[in-house]
Amino acid sequence: MSDQKHERSLMKHQPLDREEYIEQVYFFRNYRERLEDAVPSQVILATIYEEILATTKLPMAIDFLKGELLLTGRISDGMQKLSHYFTPFQAFILKSAEEEKSKFDQKTALMVLEREAEYRSENSSSAGLFIYQFECISRNRLGYHLGLEAISQDTQYNADWAEWIRKLKIQLGSVDFADLLYLRSQHFVDEQKRIPGNADFEPSYPILFSVQDGRIAKANHNRDPLYMFAALQRQLGYPKVPRSLAKPDKPVFHPALEARLHKIEMRLQLIDAELKGKFDLKQFMVKDKKFDDLDLNKNL
């Protein structure tokens, strides 16, 4: 029953036009850059609304997101309600960043969405998009169960892709990920046909990956999947997953301001000690060793 609902949703919501993804790239990039400049999200959504190409549907979507942000404090809630425009994966990424205890920051999430939209605006393939999305949830530890479910609902994938992605939730951990890609590649079929007496081999399941995908996957058998992702990016031009933004090495406060804050803190401690009756002047007395060693009786 769930498969039928998924197929109906794929038929109902088709991928967006190229100009929509181009404007999404601009939106996600500028949103992130203005957050880095400490501009509030409400102000960003209110100003960037006028900058987006008016012939697209994105301005209306941004206006709706602004209202949801004021109402719930989350942009991901608005994305989920605009499922005909934003994909479940986009909503999942921002929702993961907006969780209170999440280590996945919002700026990295916006960079993830920016590169995904940029890849969609080009001649993207289902294989390349899946590899990018899977690496995003894997590298940032966002959870395979919910992450793969969101990916499977993307309009980029047909019913065969969606079914395979949902099966991954069960197979991951028991079967090497590189082997899962290899068995679904044209390279696996070609190798089976080269076996003597097996020239008419035909797999009982749909083939989703190309020969090049299969060769790279086989070469990375029992290796860290990150090596395979990097090879696919180098060889096939798949988009690179952004890393988490490194924290700046410079101190948060200026040294002069930090010193003044330290003095204020010391004064507050003294006031608190005086109010509690624990103020002791002996801690401020400077001891002179020569005075302590002086024999006063000797000089009388």
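Bear in mind that the values here come from a model prediction, so they are computed numbers and not experimental data.

**Notes on the overall build of the chain**
Across its full length, the chain carries 16 helices and zero strands. Across the 300 residues that make up the chain, the buried fraction comes to 38%. Pairs at least 24 apart in sequence give 57% of the contacts found in the chain among residues at least 6 apart. Of the roughly 18800 Å² of accessible surface on the chain, a fraction of 53% belongs to carbon and sulfur atoms.

**What about the pattern of salt bridges?**
With the rule as written, the count across this model stands at 13 salt bridges. Linking Glu-135 and Arg-139 is a salt bridge whose minimum nitrogen-to-oxygen distance equals 2.9 Å. Of the two residues, Glu-135 and Arg-139 both sit in helix H8 (residues 126-139), four residues apart, roughly one turn of that helix. In this structure, Lys-193 engages Glu-202 in a salt bridge whose closest nitrogen and oxygen atoms are separated by 3.6 Å. Judged by its relative accessible area of 32%, Lys-193 is partly exposed. Taken together, the salt bridges that share partners define one network made up of Arg-29, Arg-32, Glu-36 and Glu-114.

**Regarding the packing of aromatic side chains**
Taken as a whole and judged by the stated rule, the model has 17 aromatic pairs. Considering the side-chain rings of Phe-27 and Tyr-31, the 5.7 Å spacing of their centres and the 35° angle between planes classify their relative orientation as tilted. Taken together, the residues Phe-27 and Tyr-31, both in helix H2 (residues 18-36) and four residues apart, mark about one turn of the helix. Tyr-31 shares its class with Phe-27; the two are buried. Among the aromatic residues, those joined into a cluster by ring pairs are Phe-130, Phe-134, Tyr-144, Tyr-157, Trp-161, Trp-164, Phe-177, Phe-209 and Phe-229.

**Observations concerning helix H6 (residues 88-98)**
When you tally the buried positions in H6, you get nine out of 11 residues, the bulk of the element. Along H6, the residues classified as buried are Phe-89, Gln-90, Ala-91, Phe-92, Ile-93, Leu-94, Ser-96, Ala-97 and Glu-98. In the core, the buried residues of H6 are packed alongside H2, helix H5 (75-81), helix H7 (106-121), H8 and helix H9 (144-152).

**Topic: unusual backbone geometry**
Phi is positive for Ala-38, which is not a glycine, with a value near 65°. Its place among the elements puts Ala-38 in the loop between H2 and helix H3 (41-48). If you check the backbone angles, Asn-222 has positive phi at about 60° while not being a glycine. Take Asn-222: its relative accessible area is 59%, and that puts it in the exposed class.

**Section: the environment of Leu-16**
Positionally, Leu-16 belongs in the loop between helix H1 (2-12) and H2. Assessed through its relative accessible area of 18%, Leu-16 is described here as buried. With 105 residues separating them along the chain, Leu-16 and Ser-121 place their C-alpha atoms 9.4 Å apart.

**Remarks on the nonpolar core**
Core analysis: the largest hydrophobic core is formed by 67 residues, its most contacted members being Phe-130 and Trp-164. The biggest single contributor to this core is H8, with eight residues. Residues contacting Phe-130, with those up to four places away along its chain left out, are Leu-148, Ile-151, Tyr-157, Trp-161, Trp-164, Ile-165, Leu-168, Phe-177 and Phe-209.

**Quick look at the packing of helix H12 (residues 186-194) against helix H13 (residues 211-219)**
Each packed pair of helices is defined by two parameters, the angle between the axes and the distance between the axes. Here H12 crosses H13 at 85°, and the two axes come no closer than 6 Å. Taken together, H12 and H13 sit at an angle that is classed as roughly perpendicular. Residues Gln-186, His-187, Asp-190 and Glu-191 of H12 pack against Val-211, Gly-214, Arg-215 and Lys-218 of H13. Across the contact of H12 with H13, the residue classes tally to one nonpolar, three polar and four charged.

**So, the side chain of Ser-121**
Residue placement: Ser-121 occurs in helix H7. A distance of 2.6 Å separates the side chain of Ser-121 from the backbone oxygen of Glu-118, its partner in a polar contact. Leave out the neighbours within four places in its chain, and Ser-121 touches Arg-18, Tyr-21 and Ile-22.

What counts and what doesn't
Residues numbered from 1 in each chain as written. Predicted model: local features only at pLDDT ≥ 70, side-chain atom pairs only at ≥ 80, totals over all residues. Heavy atoms only, no water. Helix = DSSP H or I, 4+ residues; strand = E, 2+ residues; numbered from the N terminus. Buried < 20%, exposed > 50% of the residue type's maximum accessible area, 1.4 Å probe, protein only. Contact = heavy atoms within 4.5 Å. Areas by Shrake-Rupley, 256 points an atom, 1.4 Å probe, with all protein chains shown as cover. Salt bridge = Lys/Arg side-chain N within 4 Å of Asp/Glu carboxyl O. Phe/Tyr/Trp six-rings, centres within 6.5 Å; stacked < 30°, edge-to-face > 60°. Core = buried A, V, L, I, M, F, W, Y, C linked by side-chain atoms within 4.5 Å. Axes fitted to C-alpha atoms, helices over the stretch in contact; angles between N-to-C directions. Parallel < 35°, antiparallel > 145°, perpendicular 65-115°, else oblique. Nonpolar A, V, L, I, M, F, W, Y, C, P; charged D, E, K, R; others polar. Polar contact = N/O pair within 3.5 Å; in protein donor to acceptor, adjacent residues only side chain to side chain.

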